[in-house]
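Analysis of the macromolecular model
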Amino acid sequence: MINSPQIYLEGGGDGRGPIQRAFASAVRNAGATKTVLFLPFAMAPERWPDCRAWFTSVHEGLFEDVVMPHDPARIAAENSRFDAIYLGGGDTGRLLDTLRGSGLDRFVARHAFRGGPLFGVSAGAIVCGRSILTAPPEEHSSAGNDGLDLLGGASVVPHFDGTTEARARARRTAAELGGPVWAIPEDCGVRLLNHDASHNGDVSTLREVALGAAPCLRFTADGGVAAIAGDGPPQAHN
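We now turn to the structure provided with this report. (Residues numbered from 1 in each chain as written. Predicted model: local features only at pLDDT ≥ 70, side-chain atom pairs only at ≥ 80, totals over all residues. Heavy atoms only, no water.)

Notes on the overall build of the chain
Heads up, the condition is: Helix and strand assignments come from DSSP, with helices taken as H or I runs of at least 4 residues and strands as E runs of at least 2, each series counted from the N terminus. Any two residues whose heavy atoms approach within 4.5 Å are treated as being in contact. Using a 1.4 Å probe, accessible areas were evaluated by the Shrake-Rupley method; residue-level cover was limited to the displayed protein chains.
Assigned secondary structure in the chain consists of 7 helices and 12 strands. Contacts in the chain between residues far apart in sequence, at least 24 positions, make up 70% of those at least 6 positions apart. In the structure as shown, the chain presents an accessible area of about 10500 Å², 47% of it carried by carbon and sulfur atoms.

What follows is the structure, given as structure tokens:
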């Protein structure tokens, strides 16, 4: 279990929302050499250079080195340490298959367990959860749909638009998965925190905190729904 999580999830958008700024602040506060492992594997390889250009424009000056590996298995085998890891958006199944096939799934998990800053946007946010079945069916993986399960058993629905249809779908997904689902709108995000300084592997002390103008919602398997609060306990949200 993660003792001091620094996990940041965004529902999509232009990459300049408050959760991106919170991630950048965490990286600055950590000091060190500021080397980020940027993983664009949810996209086809021909799009990786554009992904890197987008990332460096959003976080200009934040990192001294942006490592975007063309051989993910080598990064996993070398077991190098990075100051942050960033999981980009795109096709969720493609991303999960690459992480699993290369060993980067365990590498990312170890980074998170150490309390290293980890950011996931859209598909990158989905794979951090317990299941990727929250993604569109065409993005499911034939190799298995279990995510990295870094969020205390929660799964993630990005690009959430708050409509009646979207709420019904998220509620149904939570029931089918038998666990909580975090529904995150674009340009909004959820940060996973440890709110108990004595935390020692107890998932009950992990707490999600929302950032952004639109509400992020937490759907539960029993049909409940609440807004994920920026501070204080979640409030009822019918």
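What follows continues from the structure just given.
Focus: the pattern of salt bridges
Here is the rule we go by: Salt bridge, as applied in this entry: a Lys or Arg side-chain nitrogen positioned within 4 Å of an Asp or Glu carboxyl oxygen. Summary of the burial criterion: residues with accessible area below 20% of their type's maximum are buried, those above 50% are exposed, and those between are partly exposed, where the area comes from a 1.4 Å probe applied to protein chains only.
Within the structure shown, the criterion is met by 5 salt bridges. Its salt-bridge partner being R74, residue E78 comes within 3.6 Å of it at the nearest N-O pair. You can see E78 and its partner R74 sitting in helix α3 (residues 72-78), 4 residues apart, about one turn around the helix. Look at E78 and you get partly exposed, because its relative accessible area is 45%.

Some points on the side chain of H59
This is how it is decided: Distance and chemistry together define a polar contact, namely a pair of N or O atoms within 3.5 Å, with one atom able to donate a hydrogen and the other to accept it when in protein, and with adjacent residues in sequence counting only for side-chain atoms on both sides.
Residue placement: H59 occurs in the loop between α2 (48-58) and β3 (65-67). A distance of 2.8 Å separates the side chain of H59 from the side chain of Q20, its partner in a polar contact. Not counting the four nearest positions on each side in its chain, H59 is found in contact with Q20, F23, A24 and Y86.

Regarding helix α7 (residues 164-177)
Counting along an α-helix, one turn takes 3.6 residues, and residues three or four places apart therefore face a common direction. As a reminder, the rule being used: Any helix carries an expected span of 1.5 Å times its number of residues minus one. Throughout, the arc means the angular range of directions from the helix axis out to the C-beta atoms.
Between the first and last C-alpha of α7 there are 20 Å, a value that for 14 residues agrees with the 20 Å anticipated at 1.5 Å per step. Listed as buried for α7 are A166, R167, A170, T173, A174 and L177. Taken end-on, α7 shows its buried residues confined to a sector of 125°, consistent with a single buried face. Exposed and oriented more than 90 degrees from the buried face of α7 are T164, E165 and E176. At the exit of α7 stands G178, carrying a positive phi of roughly 70°.

A closer look at the nonpolar core
Where we set the bar: The nonpolar core is taken to be a set of buried Ala, Val, Leu, Ile, Met, Phe, Trp, Tyr and Cys residues, with the residues joined through side-chain atoms within 4.5 Å.
L9, L39, F63, L118 and L151 are the most contacted members of the largest nonpolar core, which totals 63 residues. The dominant element in this core, judged by the number of residues it contributes, is helix α1 (residues 18-30), at 6 residues. Ignoring any residue separated from it by four or fewer positions in sequence, one finds L39 in contact with P69, I85, Y86, L87, G88, L99, L104 and V108. Listed in part, the 12 residues of the second largest apolar core include F160, A174, A183 and L217.

Looking at the environment of A168
One can find A168 in helix α7. In this structure the C-alpha to C-alpha distance between A168 and F219, which are 51 residues apart in sequence, comes to 9.9 Å.

A word on unusual backbone geometry
A positive phi is found at S122, a non-glycine position, where the angle reads about 55°. Phi angles above zero are rare outside glycine, and H159 is one such case at about 55°. The residue H159 is located in the loop between β6 (155-157) and α7 in this model. For H159, a relative accessible area of 40% gives the class partly exposed.

Points about the packing of aromatic side chains
Note the threshold: Any Phe, Tyr or Trp ring, taking Trp's six-membered ring, that has another such ring centre within 6.5 Å forms a pair; planes under 30 degrees apart are called stacked, those over 60 apart edge-to-face, and the others tilted.
Applying the stated rule across the entire model yields 13 aromatic pairs. A centroid spacing of 5.8 Å and a plane angle of 45° characterise the contact between F38 and Y86, whose relative ring orientation is tilted. Here F38 is found in strand β2 (residues 35-39), whereas its partner Y86 is found in strand β4 (residues 84-87), with 48 residues between them in sequence. Like F38, the residue Y86 is buried in the burial classification. Judged by centre distance (6.1 Å) and plane angle (70°), the rings of F82 and F107 are edge-to-face. Within this pair, whereas F82 is found in the loop between α3 and β4, its partner F107 is found in helix α5 (residues 104-113), the two being separated by 25 residues in sequence. Put simply, the rings of Y8, F23, F38, W54, F55, F63, Y86 and F119 pair up and form one aromatic cluster.

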